[in-house]
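This is what each chain is made of:
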Amino acid sequence: DGGITQSPKYLFRKEGQNVTLSCEQNLNHDAMYWYRQDPGQGLRLIYYSQIVNDFQKGDIAEGYSVSREKKESFPLTVTSAQKNPTAFYLCASSGSSYNEQFFGPGTRLTVL
Amino acid sequence: GQQVMQIPQYQHVQEGEDFTTYCNSSTTLSNIQWYKQRPGGHPVFLIQLVKSGEVKKQKRLTFQFGEAKKNSSLHITATQTTDVGTYFCAGRAKGKYIFGTGTRLKVLA
């Protein structure tokens, strides 16, 4: 069953703690993306990676970090420096930066 | 910075009425994509437009890319309750996609 998975679906953390969100794809896609979605708003790009061992900052990268050590994995760490981390986080992948993006089911992070 | 605006933000229609959402970019786009997100779900790709003035149809959905490649529209004919959701455009410029703010469609039976 091919696709893109994110875990967990819901995540609760205390303020000041770092947390890592998982994103895995078995579509053999080169490009992967992380977006943040706040209630009633569009998707804002946090980080993206067009190839293994390379990634670029998106529009709202401050307080986040990523790694791309394997083609199929693109984890996102929400650090304590992120001032407003509570949001819905979506991971996506595409065959190339020109192609359609396939989204995972998302992780809803709540920081208490 | 580059912005992609969508209007309207919300739209309530009676089942059977038509619906249109408009997407406007501050810069010229190389291509534009449209996605649909059902309530509680994740965005799902609908279509990609690349050429200036391009028009594509998918059953009751008609997508258009402006001549200047700075705007786009999605028109749904005779809406159904299954059309409920938020429709996003995503314009590509300078190597990355910028998503519009989305139009949330509610269809009243």
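From a predicted model like this one, the values you see are computed outputs, not experimental measurements.

Enquirer: Please explain the state of the cysteines as it appears in this structure.
Expert: In protein chemistry, a disulfide is the covalent bond that joins the sulfur atoms of two cysteines. Overall, the coordinates contain two disulfides over all chains when judged by the stated rule. A:Cys23 shares a disulfide with A:Cys91; S-S distance 1.9 Å. A torsion of -75° about the S-S bond marks the disulfide between A:Cys23 and A:Cys91 as left-handed. In this pair, A:Cys23 is assigned in strand β3 (residues 19-25) and A:Cys91 in strand β9 (residues 87-94), connecting sequence segments 68 residues apart. For the residue pair A:Cys23 and A:Cys91, the accessibility class agrees, reading buried in each case. Residue B:Cys23 pairs covalently with B:Cys89 via a disulfide, S to S 1.9 Å. Negative torsions about the S-S bond denote left-handed disulfides, and the value of about 70° found for B:Cys23 with B:Cys89 makes this one right-handed. In this pair, B:Cys23 is assigned in strand β3 (residues 19-25) and B:Cys89 in strand β9 (residues 85-93), connecting sequence segments 66 residues apart. Judged by its relative accessible area of 1%, B:Cys23 is buried.

Enquirer: Is there a simple way to explain the interface of chain B and chain A in this structure?
Expert: In many analyses, interface size is given as the accessible surface area lost on bringing the parts together. Taken residue by residue, the interface counts 20 residues in chain B and 21 residues in chain A. Summed over both sides, the interface of chain B with chain A buries roughly 1600 Å², with 49% coming from carbon and sulfur. Linking chain B to chain A there are one salt bridge. A salt bridge links B:Lys96 to A:Asp59; the shortest N-O distance between them is 3.1 Å. Taken together, the links from chain B to chain A amount to five residue pairs in polar contact (both at pLDDT 80 or more). Mapped onto the side of chain B that touches chain A, the elements with two or more residues apiece are β4 (31-37), β5 (43-49), β9 and β10 (96-99) of chain B.

Enquirer: Explain the packing of aromatic side chains here, please?
Expert: Each aromatic ring pair is described using two quantities: the centre-to-centre distance and the angle formed by the ring planes. By the definition in use, this model includes 12 aromatic pairs over all chains. Geometrically, the ring pair formed by A:Tyr47 and A:Phe55 is edge-to-face, given 5.9 Å between the ring centres and 80° between the ring planes. Looking at A:Tyr47, the relative accessible area reads 8%, which means it is buried. Between A:Tyr64 and A:Tyr89, the aromatic rings sit 5.9 Å apart at their centres with planes inclined by 65°, giving edge-to-face as the arrangement. You can see A:Tyr64 sitting in strand β7 (residues 64-66) and its partner A:Tyr89 sitting in strand β9, a full 25 residues away along the chain. With respect to class, A:Tyr64 is no different from A:Tyr89; both count as buried. Site record: aromatic cluster; members linked through ring pairs are A:Tyr33, A:Tyr35, A:Phe103, B:Tyr35, B:Phe45, B:Phe88 and B:Phe99. The residue whose ring lies beneath B:Arg92 is A:Tyr98, and the NZ or CZ to ring-centre distance is 4.0 Å.

The rules we used
- Residues numbered from 1 in each chain as written.
- Chains lettered and ligands numbered in written order.
- Predicted model: local features only at pLDDT ≥ 70, side-chain atom pairs only at ≥ 80, totals over all residues.
- Heavy atoms only, no water.
- Disulfide = S-S within 2.5 Å.
- Helix = DSSP H or I, 4+ residues; strand = E, 2+ residues; numbered from the N terminus.
- Buried < 20%, exposed > 50% of the residue type's maximum accessible area, 1.4 Å probe, protein only.
- Contact = heavy atoms within 4.5 Å.
- Buried area = accessible area lost by both parts, 1.4 Å probe.
- Salt bridge = Lys/Arg side-chain N within 4 Å of Asp/Glu carboxyl O.
- Polar contact = N/O pair within 3.5 Å; in protein donor to acceptor, adjacent residues only side chain to side chain.
- Phe/Tyr/Trp six-rings, centres within 6.5 Å; stacked < 30°, edge-to-face > 60°.
- Lys NZ or Arg CZ within 6 Å of the ring centre and 35° of its normal.

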